[in-house]
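# Examining the three-dimensional arrangement
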Amino acid sequence: MISCIIIDDEPYARDELAILLENEPDFEVLAQCSNAVEAMQAITKFKPQLIFLDIQMPKISGLELATMLDPDNLPRIVFVTAFDEYAITAFEKQAFDYLLKPIEDTRFANTLARLRKDLTPKLLGPIASKKLEHIPCFCGNRLKVVATDSVQFIYSDMSGVHVVTSNELVHTHMTLRVLEEKTSLIYCHRQYLIAPTAIAEIELQEAGAEVTTRSGAKVPVSRRYLKQLKQLFGFQ
């Protein structure tokens, strides 16, 4: 059974794809998502083998969402789009496949046949290097899209990964490793990423250091990362 998630902001497009997959007994639709934040939650929860991903979506596009996924646990990605200039030229080699809307039966059958044969997730190549402009987050039952340049620091603990701006604390399903790769935030501690622009002061301590952000928050700095943090600001 091939598990999959459908991600598209248009409900009729999601329903159309779901109906097509109902006729394929070896494909199971685990969830349908209308935006990237919902999709990140569903992908983290269900860990699908495959996602059908619309390219043009509000706030966070399908292309941006693709860069947010953990490369170590990357599902097969089939982009779905009404605009062939996005898919045909840029993503035929980097993604597993693409489908043009409206989906043509023969083309869809060919894609499913290739999926059945290919058991190895495809990496996204050039797409994966793009820096994130937004981070999909949540707080209780509210889904939020946080601008990356508004983030002061991000930290992880037993309850998850937490994103701190100057005026709010929210949470994300993204990992620290992916966030470090895809944003300008840097490690200052194995459980903390910080935005260099948010640093107001570094207080040296016996066990490392402590950063004070411009909003007055305190962030620990371990010895491992203290040297590179000092060098960043021109200190020896």
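Here, the structure is the one placed above.
Attention here is on the structure that accompanies the text. (Residues numbered from 1 in each chain as written. Predicted model: local features only at pLDDT ≥ 70, side-chain atom pairs only at ≥ 80, totals over all residues. Heavy atoms only, no water.)

## Points about the pairing of strand E14 (residues 208–213)
- The element E14 is largely enclosed, with a buried count of 5 among its 6 residues.
- Alignment of strand E13 (residues 199–205) against E14, held across 6 bridges, turns out to be antiparallel. Bridge assignment links Gln205 to a residue of E14, and that residue is Gly208.
- Between E13 and E14, which pair antiparallel in sequence order, lie 2 residues.
- The antiparallel hairpin formed by E14 and strand E15 (residues 218–222) contains 4 residues in its connecting segment, where Gly216 sits at a positive phi of about 95 degrees. (Buried < 20%, exposed > 50% of the residue type's maximum accessible area, 1.4 Å probe, protein only. Helix = DSSP H or I, 4+ residues; strand = E, 2+ residues; numbered from the N terminus. Pairing = 2+ DSSP bridges.)

## Concerning the packing of helix H1 (residues 11–22) against helix H5 (residues 105–117)
- Direction vectors running N to C along H1 and H5 enclose 65 degrees, while the axes themselves pass 12 Å from each other. The interaxial crossing formed by H1 with H5 has right-handed handedness. Residues Leu17, Leu20 and Leu21 of H1 pack against Asp105, Phe108 and Leu112 of H5. (Axes fitted to C-alpha atoms, helices over the stretch in contact; angles between N-to-C directions. Left-handed = near helix turned anticlockwise from the far one by under 90°. Contact = heavy atoms within 4.5 Å.)

## Considerations on empty space enclosed by the protein
- This structure, assessed with the given rule, holds 1 cavity of 30 Å³ or more.
- As for the largest cavity, its lining consists of Ile6, Ile7, Asp8, Ala13, Arg14, Glu16, Leu17, Phe52, Val80, Lys101 and Ile103.
- Mapped by element, the contributors of at least two residues to the lining of the largest cavity are strand E1 (2–7) and H1.
- Of the residues forming the lining of the largest cavity, the biggest block, 4 residues, is contributed by H1.
- Looking at the lining of the largest cavity residue by residue, the class counts come to 7 nonpolar, no polar and 4 charged. (1 Å grid on protein atoms, 1.4 Å probe; cavity = no way out; pocket = protein on both sides within 12 Å on 5 of 7 lines; lining within 4 Å. Points joined across faces, edges and corners; volume = space filled by probe spheres on them. Nonpolar A, V, L, I, M, F, W, Y, C, P; charged D, E, K, R; others polar.)

## Points about the sheet that holds E15
- Overall, antiparallel pairing links the 3 strands, which are arranged E13-E14-E15 in an open sheet. Each edge of the open sheet carries a strand with a single partner, namely E13 and E15. Strand-to-strand twist of the sheet, defined as the mean angle between neighbouring strand axes without regard to direction, takes the value 25 degrees.
- Here E14 pairs with E15 via 5 bridges, running antiparallel. Residue pairing in the sheet places Ala209 in a bridge with Val221 of E15.

## Details of the pattern of salt bridges
- Enumeration over the complete set of coordinates arrives at 11 salt bridges.
- A salt bridge links Lys101 to Asp54, with the nearest nitrogen and oxygen atoms 3.4 Å apart. Taken together, the residues span a long stretch of sequence, with Lys101 in the loop between strand E5 (97–100) and H5 and Asp54 in strand E3 (residues 50–54) at a distance of 47 residues.
- With a closest N to O distance of 3.0 Å, Glu181 and Arg177 form a salt bridge. (Salt bridge = Lys/Arg side-chain N within 4 Å of Asp/Glu carboxyl O.)

## As for the side chain of Lys144
- Here Lys144 shows up in strand E7 (residues 142–147).
- Engagement of the side chain of Lys144 in a polar contact is seen with the side chain of Glu168, the distance being 3.5 Å.
- The residues touching Lys144, leaving out its near neighbours within four places in the chain, are Val37, Ile135, Pro136, Cys137, Phe138, Glu168 and Val170. (Polar contact = N/O pair within 3.5 Å; in protein donor to acceptor, adjacent residues only side chain to side chain.)

## With respect to a nonpolar patch on the surface
- Together, Leu232, Phe233 and Phe235 make up a nonpolar patch on the protein surface, roughly 290 Å² of accessible area in all.
- Mapped onto the fold, Phe235 is located in the segment after helix H7 (223–232). (Patch = residues over 30% accessible without salt bridge, like charges linked within 9 Å, V, L, I, M, F, W, Y side chains within 5 Å. Areas by Shrake-Rupley, 256 points an atom, 1.4 Å probe, with all protein chains shown as cover.)

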